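Report on the structure
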Amino acid sequence: IKIYKEKDSVKKAVQFLISKNFMSDTPQEIASFLRVYKNHFDPTSIGDFLGEGGVSINEIEYWNQIRFRYIRAVTFIDLDLEPALRLLLTGCGFRLPGEAQKIDRIVEVFVKTFWQDNHGTSYCPFLHSDTIHLITYAMIMLNTDLHRANKNDKKSKVKKMTKEEFTRNLRGVEKGGGDIDKDYLGRIYDSIASHPIELPYEDKEINREGSHNTNGNSLSKLLTSSASMISEFVNPVDEKNFIRELTRGLKDAEDLLRSLSSFTYHFQSTGVDTNISLNLVSFMYETVWFHFHAITESLLTANENYLLSHMDINVLFAGLDILCYSLTSSIFLDLKVEKITFSNQLMKFIKLVLVNQPKSLSGSRANDSIDNSWFNEVETVTPQTAMETIAIIHKLI
C-alpha cells in the first residue's frame, strides 16, 4: 500500500507483494487481496488495474481470470439489468477506467456473470448475452450523456438524449434483429435519468500511524464506559433505516467475500469426539469464514451513526465475541488472508469507538487510548507463538 501511494500504481504494489511472498501470483489471490484492501486504494486505480489486458494468450487469460474472480464475488441473482449494473458500478469498490478497451473488458465480465445468474428468468428477457453487452454499453453512455457530459459548463446548450432516442438506438439489437420491449427500455431510461449511477468516493483508509497512544485499556472497558455517555452527544437514527442498512450490509458483505472462500463443499456433521486432522479443520474453516466476517462487519461497522447513537452493549459484545473467536481461530490455523482480514476489522472498530468517544468537560476523551501492540503480534505470529498471541487477543477483548 505504501508503494501504491508513492508510485500511484496498484499493479506495482501487487507485484511487490508477490515478490515478497505475501501472496502467490494467482488470479484468486490477487482478486482476494483487492477485495480485502479495496478501501485503501483509490477506486479509479482499482478500475484501471481490473481493465488490464495482455499480449500473449496466457496473459490475456490471466487478466480475464482476475477480473472474473473479482466481479464474480457479487451475485446479480433476481436483479434486472439496470440495478445489476448500478450494483457493479457503485458497490464493488472501483470506477470504470477512461480507456474504452478497459471498459469493454470489465463489461464483458459483467455480462458473463449476469447471464450466469439470470439466464432463463424474467430478470433476463434476452435471447443472447450479446444483447446484454449492447444494452449495458447503452446505459453507460446514457448515464454519461445525462449527468456527466458538460457538467462543468452549466451554460452549455448541448441537447441531452431523450427517451425516444435511447429506445431508437437499441432497435433491432436482439438476436435475429428483434426489438427489446419499449417499456423495459423506458424504465431503464427513467431510472438513470432520476438517479445517476455514481460511485461516491470516501476515503475510508485507517491510518495506523496516527493511532492513539497505548495505556493497556481493554476494549470491553472502553465500550462499557462509552455506552452510558454516547447517547447524550449523538442524535438517534431511525431504527427501520438501521435494520434495512444492516440487512443490505450483511448481504453485500457476503457477496463481496464469497470469492475469498476457496471451496464450496458442504460437510456432514460428526460426533464431538471424532478425531479429525488439523488440515481438515483448516479446510472447513476456509470454506465458511467469510460468513463470520459478514456478520461482524454488519454488527460492528455497517452503520456507524446508529452504532454510536444506539449502543446496545449486548449486541456489541456478541459481535466482538464472534470476531474474537474468528481471529484467534485464524491465528491457530495459520491462515494468512483470514488472519489479516479479521485483525484489520478489529482495528477499524477500535478506532471507530476511540474517535467517537464523547469528550469530558476538560476536553479530553475518557479511556482515549488502547494498547495496539496486539496488531504487530498478529502480523508477526508464528505457529510457535500462536498461543501467546491468542491470549493477548482474548485479554484485549
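Because the structure is predicted, anything quoted here is derived from the model rather than measured.

In this section: the overall build of the protein. A tally of helices and strands in the protein yields 18 helices and 0 strands. Classification of the 397 residues of the protein by burial places 41% in the buried group. When contacts within the protein are restricted to residue pairs at least 6 apart in sequence, those whose partners lie at least 24 apart make up 73%. Of the roughly 21,600 Å² of accessible surface on the protein, a fraction of 51% belongs to carbon and sulfur atoms.

Right, let's talk about the nonpolar core for a bit. General note: in soluble globular proteins, nonpolar side chains tend to be found buried as a group. Judged by nonpolar contacts, the single largest core of 57 residues is most densely connected at Y70, L81, L88, F110 and F166. Those elements that provide at least two residues to this core are helix 2 (10–19), helix 3 (27–37), helix 4 (43–50), helix 5 (57–71), helix 6 (81–91), helix 7 (100–118), helix 8 (129–148) and helix 10 (182–194). Among the elements that make up this core, the one with the highest residue count is helix 7 (8 residues). With residues up to four places along the chain from it excluded, the contact list for F166 reads A138, M139, L142, M161, L185, I188 and Y189. L300, L316, F342 and V381 belong to the second-largest nonpolar core, a separate cluster that totals 28 residues.

Let's shift gears to unusual backbone geometry. Trans peptide bonds make up the majority, and among non-glycine residues the majority have a negative phi. Of note, the phi angle at N21 is positive, near 60°, even though the residue is not glycine. Inspection of the secondary structure puts N21 in the loop between helix 2 and helix 3. With a relative accessible area of 61%, N21 lands in the exposed category. At D334, a position not held by glycine, the phi torsion is positive, near 60°. Mapped onto the elements, D334 comes out in the loop between helix 15 (313–332) and helix 16 (336–355).

Below, the discussion takes up the packing of aromatic side chains. Taken as a whole and assessed by the stated rule, the structure comprises 12 aromatic pairs. A ring pair is formed by F76 and F110, whose centres lie 5.3 Å apart and whose planes are at 85°; its orientation type is edge-to-face. Of the two residues, F76 sits in the loop between helix 5 and helix 6 while F110 sits in helix 7, which places them 34 residues apart along the sequence. For F76, a relative accessible area of 0% translates into the label buried. With relative accessibility at 0%, the residue F110 sits in the buried group. Note on W374 and F375: the rings are 5.5 Å apart at their centroids and 65° apart in plane angle, and the pair reads as edge-to-face. Using a relative accessible area of 1% as the deciding quantity, one classes W374 as buried. Among the residues examined, F375 registers a relative accessible area of 4% and is labelled buried. Here a set of aromatic residues connected by ring pairs shows up, and it is made of F22, F33 and F41. Of note, R35 hangs over the ring of Y70, and the distance from its end group to the ring centre comes to 3.9 Å. In this structure, K112 packs its charged tip against the face of F68, placed 4.6 Å from the ring centre.

Okay, the pattern of salt bridges next. Applying the stated criterion across every chain yields a total of 6 salt bridges. A salt bridge links K11 to E52; the shortest N-O distance between them is 3.9 Å. In this pair, K11 sits in helix 2 while E52 sits in the loop between helix 4 and helix 5, placing the two residues 41 residues apart along the sequence. The partly exposed category is assigned to K11, whose relative accessible area is 32%.

This paragraph deals with the packing of helix 6 against helix 10. Contact pair helix 6 / helix 10: the axes reach a minimum separation of 9 Å and the direction vectors enclose 35°. In this structure, helix 6 uses L81, E82 and R86 to contact helix 10, whose residues at the interface are Y184, I188, S191 and I192. The residue inventory of the contact of helix 6 with helix 10, partitioned by class, reads 4 nonpolar, 1 polar and 2 charged.

With that settled, consider the side chain of T341. With respect to the helices, strands and loops of the structure, T341 is situated in helix 16. There is a polar contact of 2.7 Å between the side chain of T341 and the backbone oxygen of V337. Ignoring sequence-local partners within four residues, the contact set of T341 consists of V36, W289 and H293.

The rules we used
Residues numbered from 1 in each chain as written. Predicted model: local features only at pLDDT ≥ 70, side-chain atom pairs only at ≥ 80, totals over all residues. Heavy atoms only, no water. Helix = DSSP H or I, 4+ residues; strand = E, 2+ residues; numbered from the N terminus. Buried < 20%, exposed > 50% of the residue type's maximum accessible area, 1.4 Å probe, protein only. Contact = heavy atoms within 4.5 Å. Areas by Shrake-Rupley, 256 points an atom, 1.4 Å probe, with all protein chains shown as cover. Core = buried A, V, L, I, M, F, W, Y, C linked by side-chain atoms within 4.5 Å. Phe/Tyr/Trp six-rings, centres within 6.5 Å; stacked < 30°, edge-to-face > 60°. Lys NZ or Arg CZ within 6 Å of the ring centre and 35° of its normal. Salt bridge = Lys/Arg side-chain N within 4 Å of Asp/Glu carboxyl O. Axes fitted to C-alpha atoms, helices over the stretch in contact; angles between N-to-C directions. Nonpolar A, V, L, I, M, F, W, Y, C, P; charged D, E, K, R; others polar. Polar contact = N/O pair within 3.5 Å; in protein donor to acceptor, adjacent residues only side chain to side chain.

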